[in-house]
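Architecture at a glance
Listed below are the residues making up each chain.
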Amino acid sequence: MSVYRRIRVRRGQASEWQTSNIALDQGEIGMDLTAKRMKVGDGFTSWNSLPYVDDAGLNQIRAEYGDEVTFGLNFDLNK
C-alpha cells in the first residue's frame, strides 16, 4: 500500500500578496500566481521585502535535494 504525502503551498495573486504583506514562516513557500514565481519565508521578513527565488536559489535546492526525478526517490527513502 502506497502512502502519499501532500505539500500545500500558500498561493495568491500579486495584488493579494502586496496588500496582506505577511511574513511567511521559516521555510514556508509562497507562490505568486501572477508572476508565476515563489518566495521562501524566514519567519520574520514580510512578503514585500522577500526576494523571489531565482535560478541560483533553485540550483541550491537541487544541489541539496536533487533534481525533480531524484527528489521523489530521496523523499521516499528518507520518510
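Model, not experiment: these values are computed from the prediction.

1. Brief notes about unusual backbone geometry
Positive phi values are uncommon outside glycine, yet Asn21 reaches one of about 45 degrees. Locating Asn21 in the fold gives a position in the loop between helix 1 (14-20) and strand 2 (29-32). Looking at Asn21, the relative accessible area reads 28%, which means it is partly exposed. A positive phi angle is found at Lys36, which is not glycine, with a value near 55 degrees. Here Lys36 shows up in the loop between strand 2 and strand 3 (37-40). On the basis of relative accessible area, Lys36 is assigned to the exposed category, the value being 68%.

2. Here's the deal with the sheet that holds strand 2
Spatially, three strands are ordered 1-2-3 in an open sheet, and the strand pairing comes out mixed. Here the strands that pair on one side only, and so sit at the sheet edges, are strand 1 (10-12) and strand 3. Pairs of neighbouring strands in the sheet enclose a mean axial angle of 20 degrees, with direction left out of account. Inspection of the sheet shows strand 2 paired to strand 3 by four bridges, in the antiparallel sense. Note on strand 3: the bridge partner recorded for Asp32 is Arg37.

What counts and what doesn't
Residues numbered from 1 in each chain as written. Predicted model: local features only at pLDDT ≥ 70, side-chain atom pairs only at ≥ 80, totals over all residues. Heavy atoms only, no water. Helix = DSSP H or I, 4+ residues; strand = E, 2+ residues; numbered from the N terminus. Buried < 20%, exposed > 50% of the residue type's maximum accessible area, 1.4 Å probe, protein only. Pairing = 2+ DSSP bridges. Axes fitted to C-alpha atoms, helices over the stretch in contact; angles between N-to-C directions.

Read these as layout, nothing more, since geometry by itself doesn't imply function.
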